[in-house]
Amino acid sequence: LDPEAFSDDSHAVLNFLAEYYRDVDKYPVRAASLEPGRLRGLLPDAAPEWGEPMDAILEEVRRDILRGLTHWQSPSFFAYFPMNASSAGFAGEMLSAGLNVVPFIWAASPAAAELEGVLVDWMGRLLGLPRGLLFAGGGGGVLQGSTCEAVVCTLAAARDRALGRHGAVILSRLVVYASDQTHVTFQKGARLVGIPPANFRVVATSAVSGHGLTGDAVRDAVEADVARGLVPLYLCATVGTTGVGAVDPVRELGEVARRHGMWMHVDAAYAGSAAICPEFQGYLDGAELADSVSMNPHKWFLTNADCCCLWVARPRDLTAALSTDPEYLKNVVISDSADHDDDKDVITSSAASAIDYKDWQISLSRRFRAIKLWVVLRRYGAAGLRAHVRRHVTSAKWFEAAVAKDERFEVVAPRKFSLVCFRLIRPPGFPDDGDVNDVNRELLAAVNATGRAFMTHFVVDGKFVIRLAVGGAATEMRHVRAHLTVEGFPKYLCEILTLR
Ligand code: PLP
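If you look the chain up in an unreviewed UniProt entry, it shows as Tyrosine decarboxylase from Eleusine coracana subsp. coracana. Quoted straight from UniProt, the Cofactor (unreviewed entry) entry for the chain says "pyridoxal 5'-phosphate".

Structure follows, in structure tokens:
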């Protein structure tokens, strides 16, 4: 890396991005061009033989790539869940990418590995997690790229713990439990660690429990399996489900899991960020009964992708499943002391101060994510992050109340965080054989086609529901209010109903 070229190219990219962020609300939020193959048609078939100037590359990004992007950082992006970018998150990401160190074993980058250990404890304390999940209390944490990876790792840990307890013949008898609202990443993880698809229990939820699991429903499913000679392995509880933001009762489920010797994981990928505010920490009550907890700072915590915190109560369960110990990856500490002939020591990877993070995740090579999260926490402070979360919750609350007051709409699931799920109810004079789901589908398509906002949908209890997920770093109340003004939903609603 030539420092001069590095400085020039980086400044060009910074200026490009600063201009992008100045104008981001002017782009159609959802990709303007949705024809598959458009970009392939514009690009040559092979990579260039010779390097090109950065300006020419950025010009092509501006001309060809930006049109094909959905602008996740637009203040009017309300789809899926937010994926926050912030100037501190970006600065941290630059440090991570710029230093480009690889903390797979402690000795490979001691300060990077140690910072990660400190950071997961900081995060755990901020979220009010029990001490037992922190290094300070005998547990510990790691920064992974995604919840999906974290879930696979904990499933592998749970599987090996169960096989160790029951003997190696029972893989086909291990059963995992989740709800009909649990993120599909859990099914993928279960498949990857060898759980037969027939042993994946999807426990039904209903509007009565706000689409959260109940201890009784899980207990019934587990007892039926035990009676058939199966072995309950793993229960995934979610705090803030993807579809409607539902919350599974962590304590109640933890008690069922303990009684049956199951691993319980708490997936707080989105809503975990809210737990930085004391008023939301109650949703994690009972986390001391969990074997593992995860949340994604890259969703709603002003931390650029990617970053997922995973905490485990017994790190040895995780490292027993994931560790490898080849000679070329041993930590060797060189002592400076001249008094010692024997000045080389191999230190053990289990020492809390010398963590080998390769044993806490799937890949060997890994990014220095801790420095990014560290910059975010230091730059905004806990108070700044609380204000960020509360600002969005206030906007979502306003939208929920406004929709509830409007007799054309209904709020489909009670809002707990910053996700509002709503739909149009049967309009007066609507034909008896008409499907209100179709009108909602058309309404959502009409709003997204304007390019002024992007929302996504979910189907719950057979109802097509529009999801407005507030949480963009630049999203303010005015961006949320815009949808209920004359130019927002009402306009498209009138057009759709008039056309019928
Ligand atoms: N769990 C929940 C509750 C989610 O909402 C999501 C994504 O939105 C995931 C898991 C998947 O997260 P990741 O993309 O980090 O694997």
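So that's the structure; there's more coming.
Quick look at the overall build of the chain now. Of the regular secondary structure elements, the chain holds 15 helices and 13 strands. Along the three orthogonal principal directions, the C-alpha set of the chain runs to about 90 × 70 × 45 Å. In the chain, buried positions account for 43% of the 500 residues. Taking as baseline every contact in the chain between residues at least 6 positions apart, the subset at least 24 positions apart corresponds to 73%.

Turning next to unusual backbone geometry. Here the bond from Ala-305 into Asp-306 is cis, since omega is -5 degrees, no more than 30 degrees from zero. Within the element layout of this structure, Asp-306 appears in the loop between helix H10 (297-300) and strand S7 (308-312). Located in the positive-phi region is Tyr-80, a residue other than glycine, with phi close to 40 degrees. Locating Tyr-80 in the fold gives a position in the loop between helix H3 (54-65) and helix H4 (87-99). Unlike most non-glycine residues, His-211 shows phi in positive territory, near 65 degrees. Assignment of secondary structure puts His-211 in the loop between strand S3 (200-203) and helix H8 (215-227).

This next bit is on the site of the ligand. Residues in contact with the ligand amount to 14 residues; listed here are only the nearest, Ser-146, Thr-147, Cys-148, His-183 and Ala-269. Of the residues belonging to the shell around the ligand, the class tally is five nonpolar, eight polar and one charged.

Spatially, the seven strands line up as an open sheet ordered S1-S7-S6-S5-S4-S2-S3, and their pairing is mixed. Edge positions in the sheet fall to strand S1 (140-144) and S3, since each has one partner strand and no second. In this sheet, adjacent strand axes meet at a mean angle of 20 degrees when their direction is disregarded. In the sheet, strand S5 (residues 263-267) pairs with strand S6 (residues 292-295) via three bridges, with the strands oriented parallel. Considered in S6, the bridge of His-265 is made with Ser-292.

For the rest of this paragraph, the subject is the sheet that holds strand S12 (residues 456-460). Remark on secondary structure: sheet strands pair via backbone hydrogen bonds, oriented parallel or antiparallel. Strand order in the open sheet made by the four strands is S10-S11-S13-S12, with antiparallel pairing throughout. Two strands lie at the open edges of the sheet, namely strand S10 (409-413) and S12, each paired on one side alone. Averaged over all neighbouring strand pairs, the angle between strand axes comes to 40 degrees, with direction disregarded. When S10 meets strand S11 (residues 419-424), the two strands line up antiparallel, connected through four bridges. Residue Glu-410 lies in a different strand from S11, and its bridge partner there is Arg-423. Against the sheet, helix H13 (residues 436-449) contacts S11, S12 and strand S13 (463-469), and its axis sits at roughly 30 degrees relative to S13.

Another point: the UniProt feature "modified residue: N6-(pyridoxal phosphate)lysine" (unreviewed entry) in the chain. As recorded in UniProt, the sites labelled "modified residue: N6-(pyridoxal phosphate)lysine" (unreviewed entry) are Lys-299. Summarising the element assignment, Lys-299 is placed in helix H10. Note on Lys-299: 25 C-beta atoms within 10 Å, which makes it buried. Apart from residues no more than four positions distant in its own chain, Lys-299 is found in contact with Phe-81, Pro-82, Met-83, Asn-84, Ala-269, Tyr-270 and Ser-273.

Leu-233, Leu-235 and Met-264 are the most contacted members of the largest nonpolar core, which totals 128 residues. Per element, the largest residue contribution to this core is twelve residues, and it comes from helix H12 (residues 369-405). Residues in contact with Leu-233, not counting those within four places in the same chain, are Ala-158, Arg-159, Ala-162, Leu-174, Val-175, Val-176, Met-262 and Trp-263.

Between H8 and helix H9 (residues 250-259), the least distance of the axes is 9 Å, while the angle of their chain directions is 20 degrees. Considered as vectors, H8 and H9 are oriented roughly parallel to each other. Every pair of crossing elements has a handedness; the one defined by H8 and H9 is right-handed. Between H8 and H9, the residues in contact are Gly-215, Val-218, Arg-219 and Val-222 and Glu-252, Leu-253, Glu-255 and Val-256, respectively. Of the residues assigned to the contact of H8 with H9, the class counts are four nonpolar, one polar and three charged.

Moving on, we come to the domain arrangement of the chain. Examined at the domain level, the chain breaks down into domain 1 (3-69) and domain 2 (94-376). If you average the C-alpha positions of domain 1 and of domain 2, the two centres end up 36 Å apart.

Most of S5 sits inside the fold, with five of its five residues counted as buried. Residues of S5 alternate between two faces, with Trp-263, His-265 and Asp-267 on one and Met-264 and Val-266 on the opposite face, all of them buried. As paired elements, strand S4 (residues 231-238) and S5 share five bridges and run parallel to each other. Along S5, the bridge assignment pairs Thr-238 with Asp-267. Considered for its hand, the β-α-β crossover made up of S4, H9 and S5 is right-handed.

A few words on the confidence of the model for the chain. Averaged over every residue, the pLDDT of the chain is 93; residues scoring 70 or more account for 95%. For the stretch residues 338-344, pLDDT sits under 50, and the model shows six contacts to residues farther than four places along the chain or on other chains. Scored below 50 in pLDDT, residues 347-351 makes seven contacts in the model with residues more than four places away or belonging to other chains.

Inspection of the secondary structure assignment puts Val-24 in the loop between helix H1 (3-23) and helix H2 (38-42). Between the alpha carbons of Val-24 and Ala-474 there is a distance of 9.9 Å; along the sequence they are 450 residues apart. Setting aside residues up to four positions removed in sequence, Val-24 forms contacts with His-71, Gln-73 and Ser-74.

Thresholds applied
- Each chain has its residues counted from 1, following the order in which its sequence is written.
- Local features in a predicted model are, by the rule used here, given only for residues with pLDDT of at least 70; side-chain atom pairs are given and counted only at 80 or more, and totals for whole chains, interfaces and linings are based on all residues.
- UniProt positions are given in the numbering used here, feature names are shortened, and annotations may be inferred rather than shown by experiment.
- Helix and strand assignments come from DSSP, with helices taken as H or I runs of at least 4 residues and strands as E runs of at least 2, each series counted from the N terminus.
- Counting other C-beta atoms within 10 Å of a residue's C-beta gives its exposure: the residue is buried at 20 or more, exposed at 12 or fewer, and partly exposed in between, where C-beta atoms are placed from the backbone.
- For every residue pair, C-beta atoms are placed from the backbone, and the pair is scored as a contact if these atoms sit within 7 Å.
- We call a residue near a molecule or strand if the C-beta atom, set from the backbone, is within 6 Å of it.
- Each residue receives one of three labels: charged for Asp, Glu, Lys and Arg, nonpolar for Ala, Val, Leu, Ile, Met, Phe, Trp, Tyr, Cys and Pro, and polar for the others, Gly being one of them.
- For two strands to be treated as a pair, DSSP must find at least two bridges joining them.
- In this analysis an axis means a line fitted to C-alpha atoms, helices contributing only their contacting stretch, and an angle means the value between N-to-C directions, from 0 to 180 degrees.
- Only buried Ala, Val, Leu, Ile, Met, Phe, Trp, Tyr and Cys residues enter a nonpolar core, and they are joined through C-beta atoms within 7 Å.
- In what follows, roughly perpendicular refers to angles from 65 to 115 degrees, roughly parallel to angles under 35, roughly antiparallel to angles over 145, and oblique to any angle outside these ranges.
- Definitions for this section: a left-handed crossing has its near helix turned counterclockwise from the far helix by less than a right angle. A right-handed crossing has that turn clockwise.
- Where each domain starts and ends follows an automatic or database-derived domain assignment.
- Seen with its strands pointing away from the viewer, a crossover is right-handed if its path from the first strand over the helix to the second goes clockwise.
- Every residue gets a pLDDT, meaning the predictor's confidence in that residue, from 0 to 100.

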